[in-house]
Amino acid sequence: MERAEHPRDLAELCQRFAEMRVGLKPWAQTAMDYALDNRLQVALGSARDMAKACGIPTSAVSRLVRLFGFRCFADFRDVFKQEIRFHLRLPRRCFVERS
């Protein structure tokens with residue numbers, strides 16, 4: 001079975017989740033809800049951290065990220081890191097010297 005291309009950003013991940021939600025098992029819905037509601041924890045944490053927070057095995061988190069087309073949790077986490085980096089960028093004028 002060929003794996004679908006994974007979402008490139010959080011907006012695509014949210015869209016894919018909305019499309020897949022009804023067909024997901026309750027544990028997978030809960031885990032994705034957790035990820036989207038706790039973006040910073042996912043960006044900075046591990047699959048084990050997410051599993052513990054959701055009350056599911058770490059292997060279930062691995063299955064979940066593969067369902068969304070990611071090779072591994074690190075690739076899934078990168079989407080969340082990218083979103084945080086985007087929101088933390090400061091305007092260029094913040095770096096201009098003031099006289």
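Here the structure is shown first, and the text comes after it.
Keep in mind it's a predicted model, so treat the numbers as computed, not measured. (Residues numbered from 1 in each chain as written. Predicted model: local features only at pLDDT ≥ 70, side-chain atom pairs only at ≥ 80, totals over all residues. Heavy atoms only, no water.)

A few words now on the side chain of Arg77. With respect to the secondary-structure elements, Arg77 resides in helix 6 (residues 73–88). Among buried Asp, Glu, Lys and Arg side chains, Arg77 stands out as unpaired, with Asp78 the closest opposite charge at 5.1 Å. Side-chain polar atoms of Arg77 contact the backbone oxygen of Gly45, separated by 2.8 Å. Among residues more than four places away in sequence, those in contact with Arg77 are Val42, Ala43, Gly45 and Ser46. (Helix = DSSP H or I, 4+ residues; strand = E, 2+ residues; numbered from the N terminus. Buried < 20%, exposed > 50% of the residue type's maximum accessible area, 1.4 Å probe, protein only. Lys, Arg positive; Asp, Glu negative; His and termini not counted. Salt bridge = Lys/Arg side-chain N within 4 Å of Asp/Glu carboxyl O. Polar contact = N/O pair within 3.5 Å; in protein donor to acceptor, adjacent residues only side chain to side chain. Contact = heavy atoms within 4.5 Å.)

Let us look at the pattern of salt bridges. Taken as a whole and assessed by the stated rule, the structure comprises 3 salt bridges. Put simply, Glu12 and Arg8 hold a salt bridge, and the shortest N to O gap is 2.6 Å. Exposure remark for Glu12: the relative accessible area of 26% places this residue in the partly exposed category.

Once that is clear, we can look at the nonpolar core. Ranked by size, the top nonpolar core spans 27 residues in total, and within it Leu13, Met50, Phe76 and Phe80 carry the most contacts. If you list the elements that add at least two residues to this core, you get helix 1 (10–20), helix 2 (26–37), helix 3 (39–44), helix 4 (47–54), helix 5 (58–67) and helix 6. Not counting residues within four places of it along the chain, the set of residues in contact with Phe80 comprises Leu10, Leu13, Ala35, Leu36, Arg39, Val42 and Ala43. (Core = buried A, V, L, I, M, F, W, Y, C linked by side-chain atoms within 4.5 Å.)

Below, the discussion takes up the packing of helix 1 against helix 2. Here helix 1 crosses helix 2 at 155°, and the two axes come no closer than 12 Å. When the axes of helix 1 and helix 2 are compared, the pair comes out roughly antiparallel. Between helix 1 and helix 2 lies a crossing of left-handed hand. Across the interface between the two elements, Leu10, Leu13, Cys14 and Phe17 of helix 1 pack against Gln29, Met32, Asp33 and Leu36 of helix 2. (Axes fitted to C-alpha atoms, helices over the stretch in contact; angles between N-to-C directions. Parallel < 35°, antiparallel > 145°, perpendicular 65-115°, else oblique. Left-handed = near helix turned anticlockwise from the far one by under 90°.)

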